[in-house]
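Notes for the structure review
Each chain, written out:
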Amino acid sequence: MVGIALLLSLYRLLRGPSVPDRILALDTLYVNTIAALILFGMQLRSVVYFEAALVIAMLGFVGTVMLSKYVLRRDIVE
């Protein structure tokens, strides 16, 4: 199910009708990737996947905020 969610998010990212839809799809792709990594880490009983999921969560949050600011103001730096 997580794999299907990843594919659907990727489809919306590539074919989104507007920029806000693509930003939302990218954010959803981050969340689905985190879920896949956590499930994979639970299956293999490895801590490395949890750390990778944490890094992706932090980068995903910062990336979404920066893209949203760019769409609203056309300027990232305040």
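The model shown is predicted, which means the values in this text are computed figures rather than measured ones.

Cut-off values and rules
- Residues numbered from 1 in each chain as written.
- Predicted model: local features only at pLDDT ≥ 70, side-chain atom pairs only at ≥ 80, totals over all residues.
- Heavy atoms only, no water.
- Helix = DSSP H or I, 4+ residues; strand = E, 2+ residues; numbered from the N terminus.
- Expected span 1.5 Å × (residues − 1).
- Buried < 20%, exposed > 50% of the residue type's maximum accessible area, 1.4 Å probe, protein only.
- Contact = heavy atoms within 4.5 Å.
- Phe/Tyr/Trp six-rings, centres within 6.5 Å; stacked < 30°, edge-to-face > 60°.
- Axes fitted to C-alpha atoms, helices over the stretch in contact; angles between N-to-C directions.
- Parallel < 35°, antiparallel > 145°, perpendicular 65-115°, else oblique.
- Nonpolar A, V, L, I, M, F, W, Y, C, P; charged D, E, K, R; others polar.

A few words now on helix H2 (residues 19–44). The end-to-end C-alpha distance of H2 is 37 Å, a good match for the 38 Å that 26 residues give at a rise of 1.5 Å each. Taken together, the buried positions of H2 are occupied by Ile-23, Ala-25, Leu-26, Leu-29, Asn-32, Ile-34, Leu-37 and Gly-41. Of the surrounding elements, those touching the buried residues of H2 are helix H1 (2–15) and helix H3 (48–73). Following H2 by one or two positions, Arg-45 adopts a phi angle in the positive range, close to 55 degrees.

Further remarks concern the packing of aromatic side chains. Tallying each qualifying case throughout the model produces one aromatic pair. Their ring planes at 85 degrees and their centres at 5.0 Å tell us that Phe-40 and Tyr-49 sit as a pair that is edge-to-face. Residue class for Phe-40 comes out partly exposed when judged on its relative accessible area of 39%.

Contact geometry for H2 and H3: axes closest at 9 Å, N-to-C directions at 175 degrees. Taken together, H2 and H3 sit at an angle that is classed as roughly antiparallel. Considering only residue class, the contact of H2 with H3 consists of 18 nonpolar, five polar and one charged.

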